[in-house]
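These are the residues of each chain, in order.
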Amino acid sequence: KFDWKNFSNEAAIQLNDTNQWYLMDKADIELHLYGSRDAINTILKAIPLNRKNAEVYNRAGNLYGSGGLIDSAIYMYNFAINYAKTDTAKFGYLQNRGTAKIGNRNFEGAKQDFEKALEFNPNEIATLNNIAGIYDELGEKNKAINTFKKIIKLDSNFVGGYVNLGFCYAEMDSAALAITY
């Protein structure tokens, strides 16, 4: 599947090697075919074609993150956030940077990113779940519990809310409440 995509994408690049989106697609394909190193090299060629395109930095951040280069991922997400033209895009880029900061165990930084993302969409389950986990990690148990309860109220089918709430109660030696969730 990816070999065919790579072949057709290479043909498009041969026709127009200044199309940044073709190079971004090529990097995505290369990630699946060859790994992050080749994909990163390609995305770095795409950036100079339009330095104010937020999405190219977001994709670079994703590629660096997939290669375990968390500091470089965060660096790229900073540019993506800076150049984001819509709140929807900024929301996604903040989530990505927050997730990368978790990878560096920078929980305070991740908390700030997720809190900012929640300003755009205060009921987004994945972001709420991430920030609740961060609250728990930072010892802010009441905030974690209240956020997990909010998740359950918003989506009673999301198992993560129940499981994580149960873990919070177990860590607080509240066996009865832990078993409930």
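If you're wondering where the values come from, they're calculated on a predicted model, not measured in any experiment.

**Digging into the confidence of the model for the protein**
Looking at the protein, pLDDT values average 90 and 87% of them are 70 or higher. No element of the protein has a lower mean pLDDT than helix α11 (residues 175–180), at 60, and none a higher one than helix α5 (residues 70–83), at 98.

**Points about unusual backbone geometry**
Note: most residues except glycine have negative phi, and most peptide bonds are trans. Of note, arginine 105 is a non-glycine position whose phi angle comes to about 60°, a positive value. Note that arginine 105 resides in the loop between α6 (87–103) and α7 (107–120).

**Here we look at helix α2 (residues 20–33)**
Count 3.6 residues to each turn of an α-helix, and residues three or four apart come out pointing the same way. Compared with the 20 Å implied by 1.5 Å per residue over 14 residues, the 20 Å span of α2 between its first and last C-alpha is a close match. Within the sequence span of α2, burial applies to Gln20, Leu23, Met24, Lys26, Ala27, Ile29 and Glu30. For α2, the N-terminal capping position is held by asparagine 19, with its side-chain oxygen 2.9 Å away from the main-chain nitrogen of tryptophan 21. Just beyond α2, the residue with positive phi is glycine 35, at close to 110°.

**Considering a nonpolar patch on the surface**
Nonpolar side chains collect at one region of the surface, where Val159, Val163 and Phe167 lie side by side and expose about 280 Å² of accessible area between them. Along the chain, phenylalanine 167 turns up in helix α10 (residues 159–171).

**Some remarks on the environment of lysine 116**
Along the chain, lysine 116 turns up in helix α7. Judged by relative accessible area, lysine 116 falls into the partly exposed class, the value being 36%. Sequence spacing of lysine 116 and lysine 90 is 26 residues, and the spatial spacing of their C-alpha atoms is 9.6 Å.

**Some thoughts on the side chain of threonine 42**
Within the secondary structure, threonine 42 is located in helix α3 (residues 36–46). With a relative accessible area of 5%, threonine 42 lands in the buried category. Dropping the residues within four chain positions of it, threonine 42 is found in contact with Leu23, Lys26, Ala27 and Glu30.

Basis of the calculations
Residues numbered from 1 in each chain as written. Predicted model: local features only at pLDDT ≥ 70, side-chain atom pairs only at ≥ 80, totals over all residues. Heavy atoms only, no water. pLDDT = per-residue confidence, 0-100. Helix = DSSP H or I, 4+ residues; strand = E, 2+ residues; numbered from the N terminus. Expected span 1.5 Å × (residues − 1). Buried < 20%, exposed > 50% of the residue type's maximum accessible area, 1.4 Å probe, protein only. Polar contact = N/O pair within 3.5 Å; in protein donor to acceptor, adjacent residues only side chain to side chain. Patch = residues over 30% accessible without salt bridge, like charges linked within 9 Å, V, L, I, M, F, W, Y side chains within 5 Å. Areas by Shrake-Rupley, 256 points an atom, 1.4 Å probe, with all protein chains shown as cover. Salt bridge = Lys/Arg side-chain N within 4 Å of Asp/Glu carboxyl O. Contact = heavy atoms within 4.5 Å.

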